[in-house]
Amino acid sequence: MENLNTIYQSKLTTPDEAVSRFLHSGAVCASDIALAHSSTLYEAIGRAISAGKLDDITQHTLLDTSPFPFYRPEFAGKYHGVSWFSQASSRKAINAGIADVMPAYYRDIPGLMETYIQPDVLIAVVSPMDKHGYFSTGCDGSISAGILATAKTILLEVNSHMPRSLTSPQIHVSQVSALWENHTPLICLPPTKIDEVSAKIGGYIAEEIPDGSTLQLGIGAIPDAVGIALQNKHHLGIHTEMFTDSMMTLIECGAVDNSTKPIHTNKTVAAFAFGSQRMYDYIDDNTMVEMLPVSYVNDPATIAQHPNFMSINAALEVDFFGQVCAESIGTRHVSGTGGQSDYVRGAVQSKGGKSFIAFASTAKDETISRIMPTLMPGAQISTSKNDVDYIVTEYGVAKLRGRTLSQRAKALIAIAHPKFREELTFAAKKESILI
Ligand code: COA
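Starting afresh in each chain, residues are numbered from 1 along the sequence in its written order. Per-residue local features are limited, in this predicted model, to residues with pLDDT of at least 70; the limit for side-chain atom pairs, both in listing and counting, is 80 or more; totals at the level of whole chains, interfaces and linings are taken over all residues. In computing side-chain values, all of the structure's heavy atoms are included and hydrogens and water are not.

(A) View of helix 14 (residues 405–414). Burial here depends on accessible area, computed with a 1.4 Å probe over protein chains only, as a share of the maximum for the residue type. Under 20% is buried, over 50% is exposed, and the range in between is partly exposed. Secondary structure elements are taken from DSSP: a helix is a run of H or I of four residues or more, a strand is a run of E of two residues or more, and numbering for both begins at the N terminus. Turning to helix 14, its buried residues are Ser 406, Arg 408, Ala 409, Leu 412 and Ile 413. Axial view of helix 14: buried residues confined to an arc of 160°, hence all on one face. Any two residues whose heavy atoms approach within 4.5 Å at even a single point are treated as in contact. Close packing links the buried residues of helix 14 with strand 15 (317–319), strand 22 (371–372), strand 23 (390–393), strand 24 (396–399) and helix 15 (418–430). As used here, the arc belongs to the directions running from the helix axis to the C-beta atoms.

Put into structure tokens, the structure is as follows:
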């Protein structure tokens, strides 16, 4: 232990010092998702760039948690952000032409990192070193291994609030280039407000989910509302990309016990976690939660091994064919594919499985129908017409899989907002879709 502490002390530095010693102009850096982002290091890189000491740095990210420098106009052309799954800051920067976007299935990102991107540098926030000299990447097990395949420089921010996950990648102190301590509390997501529409949709989906099912819940109020609506179920399991607070609620109330899962029995499986401190505390040293690489977790072949697999995700619009757009409003960038398509495919291949894509029937104060004859020009398709299963709005559930175009259009019009049904029917007739 003494030896490990000596090594630790020899690598302990400040973010500015780590940047000046280990980063060179042109370096390609990458981080895992959400809580893996080290603001302290990104800001230090920004300072070095502003001082003219560094140039042409690229940072690959997923699910930004703050307006990092590489998304800010003053660093355009010098500090390049590449978003693989966007939130507010990256979305704004991409639409302003400041940052770039990488289309990819989440499950492919570790392989794409290793094969195409080949980052020079891993930047991560980790839990404190254990007695064997290892740092756990904690809440982020998703793509770190893919980055580590090529990254020769490893820069770690040690944060005592980051839980120690026993299954996330473990990095030994001897591998580390530089580390610094920053014990500020981790970013937490505010509790989701479940509005009337989300609650209604959550109720419909809950009716379709039998006891003993295994769940994936995506991002947003609707997947959270489904979680809340499932509290009276029994023997549910969790196999998901993002571990959320609604899942914590289901574990705490006993609805989830993971007992019927044929693989990882009795355990919750996720690729990453993002939510409350209560959840981060639950993950800490807990053998019952496994954070595993997304290339395995999101593989439809892994998902399909669970009977009655239920996947619930949100979207922005759907057309009569059942093509789902969850990533853009026309050409305007909103998000990434994430795991939506992986889970839709896995769920429909699972015995008894179902996939639900759910959203409010309208947007912008009921002025826009989200069920449309065709998607907006430039809209990006996240789930194909050949994979789509159930579409759900506050007006009910439309089963599309195994249905013809005419049957799909009728089922979708029936769950559109009543004020749009007539014009949708007119459009379907005009295109000779309704038979
Ligand atoms: N036309 C115009 N505006 C639209 C619209 C449409 N068809 N559909 C939605 N909007 C607007 C909404 O009005 C809302 O605007 P506001 O912020 O001004 O209120 C905004 O777009 C977001 O819509 P909302 O339904 O509230 O989104 P959400 O927070 O539930 O997130 C996704 C939905 C699709 C962006 C989100 O689920 C996502 O990122 N998905 C990515 C793919 C995925 O599912 N991956 C798997 C889980 S990680």
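(B) How the structure looks around the sheet that holds strand 14 (residues 309–314). The pairing criterion is simple: DSSP has to find at least two bridges between the two strands. The mixed open sheet is built from 8 strands, whose spatial order is 13-12-11-10-14-19-23-24. Of all strands in the sheet, those with a lone pairing partner are strand 13 (289–291) and strand 24, marking the two edges. The average angle at which neighbouring strand axes cross in this sheet is 20°, direction not considered. The pairing of strand 10 (residues 214–217) with strand 11 (residues 237–243) spans 2 bridges and is classified as parallel. In the strand pairing of strand 11, Leu 215 is matched with Ile 238. Angular values range over 0 to 180 degrees, each being the angle between N-to-C directions of two axes fitted as lines to C-alpha atoms, with helices fitted over their stretch in contact. Relative to strand 14, helix 13 (residues 340–349) is tilted by about 150°, and along the sheet it contacts strand 10, strand 11, strand 14 and strand 19 (354–358).

(C) Just unusual backbone geometry, in detail. Although it is not a glycine, Asn 258 sits at a positive phi angle of roughly 60°. The buried category is assigned to Asn 258, whose relative accessible area is 4%. In the Ramachandran plot, Asp 285 falls in the positive-phi region, its phi being about 60° despite a non-glycine side chain. Note that Asp 285 resides in the loop between helix 10 (277–283) and strand 13. Since its relative accessible area comes to 41%, Asp 285 is described here as partly exposed.

(D) Structural context of the site of the ligand. What makes a residue near a molecule or strand is one non-hydrogen atom of that residue sitting within 4 Å of it. Surrounding the ligand, one finds 21 residues, the nearest of these being Glu 241, Ser 335, Gly 336, Gln 340 and Arg 370. Within the contact set of the ligand, an oxygen atom lies 3.5 Å away from a backbone nitrogen or oxygen of Ile 219. In the analysis that follows, any N or O atom pair within 3.5 Å is treated as a polar contact, provided that within protein one partner can donate a hydrogen and the other can accept it, and provided that, for residues neighboring in sequence, both atoms belong to side chains. Gln 340 is positioned with one of its side-chain polar atoms (N or O) 2.9 Å from an oxygen atom of the ligand. By residue class, the composition of the shell around the ligand is 11 nonpolar, 7 polar and 3 charged. Classification convention: Asp, Glu, Lys, Arg as charged; Ala, Val, Leu, Ile, Met, Phe, Trp, Tyr, Cys, Pro as nonpolar; all other residues, Gly among them, as polar.

(E) A look at the pattern of salt bridges. Any carboxyl oxygen of Asp or Glu that lies within 4 Å of a side-chain nitrogen of Lys or Arg is treated as forming a salt bridge with it. Counted according to the given criterion, the structure contains 13 salt bridges. Across the salt bridge formed by Arg 72 and Glu 43, the nearest N and O atoms sit 3.2 Å from each other. Of this pair, Arg 72 sits in the loop between strand 2 (57–62) and strand 3 (79–83) while Glu 43 sits in helix 3 (residues 39–50), and the two are 29 residues apart along the sequence. Arg 72 sits in the partly exposed class, given a relative accessible area of 22%. Overall, Glu 43 belongs to the partly exposed group, its relative accessible area being 28%. For Arg 107, the salt bridge goes to Asp 342, with nearest N and O atoms at 2.2 Å. One end of the pair, Arg 107, is in the loop between strand 4 (100–101) and helix 5 (109–117); the other, Asp 342, is in helix 13, and 235 residues separate them in sequence. Each member of the pair, Arg 107 as well as Asp 342, is classed as buried. Taken together, the shared-partner salt bridges connect Glu 43, Arg 72 and Glu 74 into one network.

(F) The nonpolar core, seen in detail. Nonpolar cores are built from buried Ala, Val, Leu, Ile, Met, Phe, Trp, Tyr and Cys residues. Side-chain atoms within 4.5 Å join them into one set. In terms of nonpolar packing, the biggest core is built from 72 residues, with Phe 135, Leu 156, Ile 205, Ile 209 and Phe 243 touching the most fellow members. All domain edges in this entry derive from an automatic or database-based domain assignment. Split by domain, this core shows at least three residues from each of two domains, domain 1 (2–181) and domain 2 (196–430). Counting residues in each nonpolar core, the second largest holds 26 residues, with Ala 18, Ala 27, Cys 29 and Ile 57 among its members.

(G) Inspection of the pairing of strand 14 at higher detail. Of all the 6 residues making up strand 14, 5 are buried; the element is thus mostly covered by neighbouring parts of the structure. One ladder, built from 4 bridges, connects strand 10 with strand 14; its direction is parallel. Its bridge partner lying in strand 14, Leu 215 is registered against Met 310. When strand 14 meets strand 19, the two strands line up parallel, connected through 5 bridges. Of the residues in strand 19, the one forming a bridge with Ala 314 is Ala 358.

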